[in-house]
Amino acid sequence: MLAEAYGGEGQREKGFATVAEALDFVSRTGERFYGVELYRLKGTLTLQSKVESQKLKEKEAEACFLKAINIARQQQAKSLELRASTSLARLW
């Protein structure tokens, strides 16, 4: 929620740092409860970033959304899969 709030306030770098910290925690502990949301949020923040290349932003965001969808499918988390799929559909 903190990363999402940072993104909503235009503080994308703080949002990215928060997501990176959470993903590091996920990889160290194996805790995967909200991994789907972390990747979806990373994709959303990527689209909001100030990277000059729109194609690069879209490609990175798409990769994050697809990773989120794959994790959700592995976990059989249908609502999280739908949320990530919706984010991907908006991108497309």
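You'll find the structure just up there.
Residues numbered from 1 in each chain as written. Predicted model: local features only at pLDDT ≥ 70, side-chain atom pairs only at ≥ 80, totals over all residues. Heavy atoms only, no water.

1. Considering the environment of Arg 40
Quick reminder of the rule: Under the DSSP-based scheme used, a helix requires at least four consecutive residues in state H or I and a strand at least two consecutive residues in state E, with every element numbered from the N terminus. For every residue, the accessible area obtained with a 1.4 Å probe (protein chains only) is divided by the maximum for its type, and the residue is called buried under 20%, exposed over 50%, and partly exposed between those limits. Contact between two residues is taken to exist if any of their heavy atoms lie within 4.5 Å; hydrogens are not considered.
Position of Arg 40 among the secondary structure elements: in helix H3 (residues 35–48). The class of Arg 40 is buried, set by a relative accessible area of 7%. Sequence-wise, Arg 40 and Ala 72 are 32 residues apart; in three dimensions their C-alpha atoms are separated by 11 Å. Those residues in contact with Arg 40 that lie beyond four places of it in its chain are Glu 4, Phe 65, Ala 68, Arg 83, Ala 84 and Ser 87.

2. Focus on the pattern of salt bridges
Any two side chains of opposite charge can pair, on the condition that their charged atoms come close. Selection criterion: Basic side-chain nitrogens of Lys or Arg form a salt bridge, by our definition, when they fall within 4 Å of a carboxyl oxygen of Asp or Glu.
In total, this model carries 6 salt bridges according to the counting rule given. In this structure, the salt-bridge partner of Glu 37 is Arg 40, at a minimum N-O distance of 3.0 Å. Pair noted here: Glu 37 and Arg 40 are both in helix H3, with a separation of 3 residues, about one helical turn. The closest approach of N and O atoms between Arg 73 and Glu 81, which form a salt bridge, is 2.7 Å. Here the salt bridges share partners, and the residues they tie into one network are Glu 4, Glu 37, Arg 40 and Arg 83.

3. Regarding unusual backbone geometry
One non-glycine residue, Gln 76, adopts positive backbone phi at about 55°. As for its position among the elements, Gln 76 is in the loop between helix H4 (54–75) and helix H5 (78–91). With a relative accessible area of 68%, Gln 76 lands in the exposed category.

4. Side note on H4
Put simply, the rule reads: Working rule for helices: expected span equals 1.5 Å times residues minus one.
Taking 1.5 Å per residue as the helical rise, H4 with its 22 residues ought to reach 32 Å, and the 32 Å between its terminal C-alpha atoms agrees with that figure. For H4, the secondary structure elements touched by its buried residues are H3 and H5.

5. Considering the nonpolar core
Keep this limit in mind: The set of buried Ala, Val, Leu, Ile, Met, Phe, Trp, Tyr and Cys residues whose side-chain atoms join them within 4.5 Å is what this entry labels a nonpolar core.
Among the nonpolar cores identified, the biggest contains 20 residues, and Val 19 and Val 36 are the most heavily contacted of them. Elements with a minimum of two residues in this core: helix H2 (12–29), H3, H4 and H5. At 6 residues, H4 tops the list of elements feeding residues into this core. Apart from the residues lying within four places of it in its own chain, the contact partners of Val 36 are Ala 68, Ile 71, Ala 72, Gln 75 and Leu 80.

6. Brief notes about the packing of H3 against H5
For the record, the criterion: Angles run from 0 to 180 degrees between N-to-C directions of axes, and those axes are lines fitted to C-alpha atoms, restricted for helices to the stretch in contact. Roughly parallel means an angle under 35 degrees; roughly antiparallel means over 145; roughly perpendicular covers 65 to 115; every other angle is labelled oblique. For any helix crossing, the convention is left-handed if the near helix is rotated counterclockwise from the far helix by under a right angle, and right-handed if that rotation is clockwise. Ten residue types, Ala, Val, Leu, Ile, Met, Phe, Trp, Tyr, Cys and Pro, are classed as nonpolar, four, Asp, Glu, Lys and Arg, as charged, and the remainder, Gly among them, as polar.
Remark: H3 packs on H5, axes separated minimally by 10 Å, with the N-to-C direction vectors making an angle of 15°. In terms of orientation, H3 and H5 fall into the roughly parallel class. Crossing of H3 over H5 shows left-handed handedness. Contact residues: Val 36, Glu 37, Arg 40 and Leu 47 in H3; Leu 80, Arg 83, Ala 84, Ser 87 and Leu 91 in H5. Of the residues in the contact of H3 with H5, the class split is 5 nonpolar, 1 polar and 3 charged.

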